[in-house]
Amino acid sequence: MNIKKRILTGDRPTGKLHIGHYLGSLQNRVKLQDEYDQYIIIADVQALTDNYNNPEKVRKNVFEVTMDNLACGINPNKSNIFIQSMIPEIAELTVFYSNLVTVARLERNPTVKTEIQQKKELFGEDGGSVTYGFLGYPVSQTADITVFNANLVPVGEDQLPMIEQAREIVRKFNGMYGEILVEPEAMVGKISRVKGLDGNNKMGKSLNNAIYLADDEDQIRAKVRSAITDSSKIKKNDPANPEICMVGYYHEIFNKENKEKVFYECRNGLRGCVDCKNELSKAIIENLKEIREKRKYYEENPKIVEEILMEGTKKARQVAKDTMYKVKESMRINYFNS
Ligand code: TRP
Ligand code: SF4
């Protein structure tokens, strides 16, 4: 008997994952897989809500993101990793849920609201870019979670409205058709956000501000060289402020043991930026060594990655089918015992 609680987590395959993803969620995921029954969704259907005009990109990144997860230590014997579009029950359940939520409610969802605002800033007030599919992604995300009877969803504070929306839909469904669905709960972790190398609040926002898990040693060195430092420091022996330097910021994350020394030497003009960056590159390269090597193994063995996805999807599909059987029964649309 499986008494472990089930977690649903995952990523949109829109790009390779970077160290921000690693520190913010993947590291946590690797820990959780021992204690929980963890399902990891590669959310290609959700990725298409924003990238419907670029399917090649989504397809490619399904494999990149899977390799990133495996490289970080996701063990397919402990976590179940699968492709969203290969579980048609999710799409089916989304349609049924769409009756249980108003358009106004979706427009009020703070996460959706922010994203629509960002789209308007990019594309103009007509909002012509907000599709029916995009507006509805919290509904399909509710189907992702509930079709697998997930108890817990690890989220950052900013994702709480998404879980609240899911809980509302579940309560409405259960109240109307019968207690079929598990009401999921948010598992709010201290999701740390990591700034970009250029000081941008979000990593991955611009080219060269992110270190990807797939980056090789030379790429890491080049990116660290381009990191923004305290611009008042001109000469090697000028004192500077490591608190306003992205290199200082990353020493704090990847070179903790030496942070005090680095900061002291920077403040007192005892260290040049070139050496300081070299020391940081070394620390990052060392820290990510295992991940990089594991990723390389999967890159060279794509059949193994496919196998893992196929197995995970097969297992997930069976769970989804079982839920849909009950859902349809309760909704009185179980004709001819199908
Ligand atoms: N929204 C998540 C992201 O942006 C991906 C995702 C899709 C997801 N469905 C989910 C996460 C269900 C948790 C639960 O990466
Ligand atoms: Fe930044 Fe290091 Fe230069 Fe100080 S010495 S400004 S911490 S790169």
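This section reports on the structure supplied with the text.

Calculation notes
Residues numbered from 1 in each chain as written. Chains lettered and ligands numbered in written order. Predicted model: local features only at pLDDT ≥ 70, side-chain atom pairs only at ≥ 80, totals over all residues. Heavy atoms only, no water. Near = heavy atom within 4 Å. Polar contact = N/O pair within 3.5 Å; in protein donor to acceptor, adjacent residues only side chain to side chain. Areas by Shrake-Rupley, 256 points an atom, 1.4 Å probe, with all protein chains shown as cover. Helix = DSSP H or I, 4+ residues; strand = E, 2+ residues; numbered from the N terminus. 1 Å grid on protein atoms, 1.4 Å probe; cavity = no way out; pocket = protein on both sides within 12 Å on 5 of 7 lines; lining within 4 Å. Points joined across faces, edges and corners; volume = space filled by probe spheres on them. Buried < 20%, exposed > 50% of the residue type's maximum accessible area, 1.4 Å probe, protein only. Arc of directions from axis to C-beta. Contact = heavy atoms within 4.5 Å. Sits in = over half its atoms within 2 Å of the grid points. Nonpolar A, V, L, I, M, F, W, Y, C, P; charged D, E, K, R; others polar.

1. Some words on the site of ligand 1
Inference 1: Near ligand 1, the surroundings consist of L8, T9, G10, D11, R12, I41, A43, Q46, Q141, D144, I145 and V153.
Inference 2: A distance of 2.9 Å separates a nitrogen atom of ligand 1 from a polar side-chain atom of Q46.
Inference 3: Take Q141: an N or O atom from its side chain is 3.0 Å from a nitrogen atom of ligand 1.
Inference 4: Against a free-state accessible area of 370 Å², the protein chains account for coverage of 81% of ligand 1.
Inference 5: Breaking the shell around ligand 1 down by element, the ones donating at least two residues are β1 (6-11) and α8 (137-146).

2. Notes on empty space enclosed by the protein
Inference 1: Evaluation of the coordinates by the stated rule reveals one cavity of 30 Å³ or more.
Inference 2: Forming the walls of the largest cavity are 15 residues, and the residues nearest its centre are K233, C245, C266, C273 and C276.
Inference 3: When contributions to the lining of the largest cavity are tallied by element, the ones reaching two or more residues are α11 (246-254), α12 (259-267) and α13 (273-287).

3. As for helix α10 (residues 217-225)
Inference 1: All buried positions along α10 are accounted for by I220, K223 and V224. One side of α10 carries all its buried residues, which in axial view fall inside an arc of 100°. Residues D218 and R225 are exposed on α10 and point more than 90 degrees away from its buried face.
Inference 2: Residues of α10 that are buried in the fold lie against α13 and α14 (289-300).
Inference 3: Sitting at the head of α10, D216 places a side-chain oxygen 3.2 Å from the backbone nitrogen of D218.

4. As for the environment of V58
Inference 1: As for its position among the elements, V58 is in helix α3 (residues 55-71).
Inference 2: Relative accessible area serves as the criterion here: at 4%, V58 is assigned to the buried category.
Inference 3: Aside from chain neighbours lying at most four places away, what touches V58 is P13, D44, A47, L48 and N51.

5. Remarks on the site of ligand 2
Inference 1: The immediate surroundings of ligand 2 are formed by T229, K233, A240, P242, C245, V247, G248, C266, R271, C273 and C276.
Inference 2: Counting atoms within 2 Å of the grid points, the majority share of ligand 2 lands in the largest cavity.
Inference 3: Secondary structure elements with two or more residues in the shell around ligand 2: α11 and α13.
Inference 4: Looking at side-chain class alone, the shell around ligand 2 contains seven nonpolar, two polar and two charged residues.

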